[in-house]
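Structural overview for review
So the chains spell out like this:
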Amino acid sequence: MPPEQPAPPEQDAVPPPPSAYQLKAVVFDVNETLSDMTPLRARFEEAGAPADLMPVWFAGVLRDGFALTAAGAYADFADIARDGLRTLLADLDGRGADEADEAAAHILEGMAALPPHPDVAGGVHALRRSGLRLVTMTNGSPELTDGLLKRAGVRDQFDALLGVSGPRCWKPAPDAYRYAVRRAGVRPGEALLVAVHPWDVDGAQRAGLAGAWLRRGAPHYPETMSRPKWIAEDLEELAEALAARGTGGV
């Protein structure tokens with residue numbers, strides 16, 4: 001049998017919410033959580049690349065952003081995304097640097113036109129009616145978030161659109177979540193992070209927030225990560241569950 005692993009040090013353990021916990025703010029991830037990135041597949045095909053390269057590229061962007069943060073460095077999403085596309089496209093068919101740059105630019109232009117998931121408008125309005133402060137915290141661009149929320153018709157429902165350029169570190173670094181709740185004007189234990197990515201939910205909970213995982217069709221949540229406080233198929237289902245429990249009962 002493998003040796004039993006020691007319990008994590010107290011400072012590394014997932015902090016419990018305070019006993020008098022009351023939900024005051026919801027912090028939203030953006031890419032894939034609020035936005036539907038499926039249309040980028042067509043952009044890859046228009047650039048002469050297979051559509052299935054899109055999730056490979058996006059996973060690489062996250063990997064490199066995480067790696068820079070772990071090393072104590074920082075770069076914007078757009079710069080990492082462009083570098084990743086240049087490399088993937090050049091490796092794919094040996095195209096030259098200028099051609100790879102042009103194709104990368106075409107693909108990245110699609111980020112500014114991504115549609116929101118169909119449940120976003122209803123879910124956001126329901127959460128706002130509950131009296132909650134709503135903010136976004138993205139590893140991407142707050143400017144792109146602004147356009148996305150305007151296309152969804154919910155821009156006026158949000159108190160702040162935040163990004164990791166503020167704290168100069170990518171989620172799931174604890175300082176990214178602390179920055180978000182500080183800007184929202186609440187304590188970590190008064191905030192709920194909503195994301196489709198388990199790593200984001202886990203990171204938020206380790207920083208003292210509650211976490212809500214939107215499945216969006218995914219069958220399993222990783223057993224190696226802290227269990228979400230809430231699990232819902234989409235944002236409308238989550239809003240209904242929170243309303244049924246009451247904002248003071250999260």
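Just so it is clear, the model here is predicted, and its values are computed rather than measured.

Predicted confidence across the protein chain gives a mean pLDDT of 91, with 90% of residues reaching 70 or more. Contacts for the low-pLDDT stretch residues 1–20, under 50 throughout, to residues beyond four places or in other chains number ten contacts.

Contact pair helix α3 (residues 77–93) / helix α4 (residues 97–109): the axes reach a minimum separation of 9 Å and the direction vectors enclose 130°. The angle between the axes of α3 and α4 places the two elements in the oblique class. Relative to α4, the crossing made by α3 is right-handed. Between α3 and α4, the contacting residues are A78, A81, R82, L85, R86 and L89 on the first element and A100, D101, A103, A104, I107 and L108 on the second. Along the lines of polarity and charge, the residues of the contact of α3 with α4 split into nine nonpolar, no polar and three charged.

Of all five residues in strand β5 (residues 210–214), five are buried; the element is thus mostly enclosed. In β5, alternate side chains face the same way, and those of A210, A212 and L214 on one face and G211 and W213 on the other are all buried. Strand direction decides the pairing type here: strand β4 (residues 191–195) and β5, joined by four bridges, are parallel. From the neighbouring strand, V194 faces β5, where its bridge partner is A212. Taken together, β4, helix α8 (residues 198–206) and β5 constitute a β-α-β crossover, and its handedness is right-handed.

Here the focus is the pattern of salt bridges. The final tally for this structure, using the stated rule, is 19 salt bridges. K150 is the salt-bridge partner of D146, the closest N and O atoms lying 3.0 Å from each other. Taken together, the positions of D146 and K150, both in helix α6 (residues 142–152) and four residues apart, correspond to about one turn of that helix. As a salt-bridge pair, E237 and R215 come within 3.9 Å of each other at their nearest N and O atoms. Placement of E237 in helix α9 (residues 235–245) and of R215 in the loop between β5 and β6 (230–232) is noted, with a sequence separation of 22 residues between them.

Now for the packing of helix α5 (residues 120–129) against α9. Interhelical geometry of α5 versus α9 gives an angle of 20° and a closest axis separation of 7 Å. As far as their axial angle goes, α9 and α5 are roughly parallel. The chirality of how α5 crosses α9 is left-handed. In this structure, α5 uses V120, G122, G123, V124, A126 and L127 to contact α9, whose residues at the interface are L235, E236, A239 and L242. When grouped by side-chain class, the residues that make up the contact of α5 with α9 number seven nonpolar, two polar and one charged.

Here is what the cut-offs are and how they apply
Residues numbered from 1 in each chain as written. Predicted model: local features only at pLDDT ≥ 70, side-chain atom pairs only at ≥ 80, totals over all residues. Heavy atoms only, no water. pLDDT = per-residue confidence, 0-100. Contact = heavy atoms within 4.5 Å. Axes fitted to C-alpha atoms, helices over the stretch in contact; angles between N-to-C directions. Helix = DSSP H or I, 4+ residues; strand = E, 2+ residues; numbered from the N terminus. Parallel < 35°, antiparallel > 145°, perpendicular 65-115°, else oblique. Left-handed = near helix turned anticlockwise from the far one by under 90°. Nonpolar A, V, L, I, M, F, W, Y, C, P; charged D, E, K, R; others polar. Buried < 20%, exposed > 50% of the residue type's maximum accessible area, 1.4 Å probe, protein only. Pairing = 2+ DSSP bridges. Right-handed = clockwise from strand over helix to strand, strands pointing away. Salt bridge = Lys/Arg side-chain N within 4 Å of Asp/Glu carboxyl O.

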